[in-house]
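Residue strings, one per chain:
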Amino acid sequence: MGMGVGRVVAVSLGTGHHFSKPVQDKVTLLAGLGVEGDAHMGATDQHLFHKRKNPDQPNLRQVHLIHAELLDTVAAAGFTVGPGELGENVTTRGVDLLGLPTGTRLRLGGEAVIEVTGLRNPCVQIDRYQKGLQKQLMDKDAEGRLIRKSGVMAIVLTGGVVHPGDVIQVDLPPEPHRALEPV
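Residues numbered from 1 in each chain as written. Predicted model: local features only at pLDDT ≥ 70, side-chain atom pairs only at ≥ 80, totals over all residues. Heavy atoms only, no water.

(A) Quick look at the pairing of strand β11 (residues 152-158). Of all seven residues that make up β11, five are buried, and the element is covered over most of its length. Examined bridge by bridge, strand β5 (residues 63-67) and β11 share three bridges and lie antiparallel to one another. Counterpart to Leu65 in the pairing with β11 is Val152. Looking at chain direction, strand β8 (residues 112-119) and β11 are connected through six bridges and run antiparallel. What sits directly across from Val113, in β11, is Thr158. (Buried < 20%, exposed > 50% of the residue type's maximum accessible area, 1.4 Å probe, protein only. Helix = DSSP H or I, 4+ residues; strand = E, 2+ residues; numbered from the N terminus. Pairing = 2+ DSSP bridges.)

Given below as structure tokens:
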């Protein structure tokens, strides 16, 4: 069951552990590692806090994606947030990232294939970046459960170069589908 086709709006990478990542004209995804040159690249989790707890944890957070529709919503609430500013590597349009099941594969452009591992947990840095912004990225569902809207994390299965404007093909995993959880 295809979910239609999305597009890459922007690609970003940051060499240091800074919150925002500068927009690039292309990024190179490396299988099993992540975005070439990005601080979070690696086969084991590069998140500084996770690294202290368990240095050998496999890195399920190699590529961070955010849907540009979220940036539109945040803009409507009076915040100015551009691609890469929330720390994502790939800004998408036309794909319901948060609604994808765990294990969904996304083909970005000609060759890169990534697998969605879970939700990004919005952290306190977001409020340091723009006060009140973190609230925009959290919601509650009818049962009062927290909804995290700050994008999804993925691992790189097949490397390749990704450019703005590239097509995103969505390949859903077999049923039963599992909803994304924070990674």
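(B) Summary view of the nonpolar core. Counting 26 residues, the largest nonpolar core has Leu29, Leu65, Leu106 and Leu108 as the members making the most contacts within it. With four residues, β8 is the largest single contributor of residues to this core. (Core = buried A, V, L, I, M, F, W, Y, C linked by side-chain atoms within 4.5 Å.)

(C) Structural context of the side chain of Arg148. Residue position: Arg148 is located in strand β10 (residues 146-148). Buried and unpaired, Arg148 has no salt bridge, with Glu181 as the nearest side chain of opposite charge at 8.5 Å. Apart from residues lying up to four places away in sequence, Arg148 is in contact with Leu98, Leu119, Arg120, Asn121, Pro122, Leu137, Met138 and Pro182. (Lys, Arg positive; Asp, Glu negative; His and termini not counted. Salt bridge = Lys/Arg side-chain N within 4 Å of Asp/Glu carboxyl O. Contact = heavy atoms within 4.5 Å.)

(D) Fine view of helix α2 (residues 68-76). Those residues of α2 not exposed but buried are Ala68, Leu70, Leu71 and Val74. Angularly, the buried residues of α2 cover 150° about the axis, an arc narrow enough to put them on a single face. In this structure, the buried residues of α2 make contact with β1 (5-12), β5, β6 (90-93) and α4 (133-136). A positive phi of about 100° marks Gly78, the residue just after α2. (Arc of directions from axis to C-beta.)

(E) Looking closely at the side chain of Ser12. For Ser12, the position within the fold is in strand β1. Filtering out sequence-adjacent residues up to four positions away, Ser12 remains in contact with Lys21, Pro22, Val23, Gln24, Val27, Pro83, Gly84, Glu88 and Asn89.

(F) Fine view of the pattern of salt bridges. Counted under the stated rule, the structure contains six salt bridges. With a closest N to O distance of 3.0 Å, Asp72 and Arg93 form a salt bridge. Placement of Asp72 in helix α2 and of Arg93 in strand β6 is noted, with a sequence separation of 21 residues between them. Salt-bridge contacts for Arg145 lead to Glu143; the nearest nitrogen and oxygen are separated by 3.1 Å. Owing to a relative accessible area of 52%, Arg145 belongs among the exposed residues under this scheme. Overall, Glu143 belongs to the exposed group, its relative accessible area being 58%. Via salt bridges that share partners, Asp141, Glu143 and Arg145 belong to a single interconnected network.

As far as function goes, none of this settles anything; it's purely spatial.
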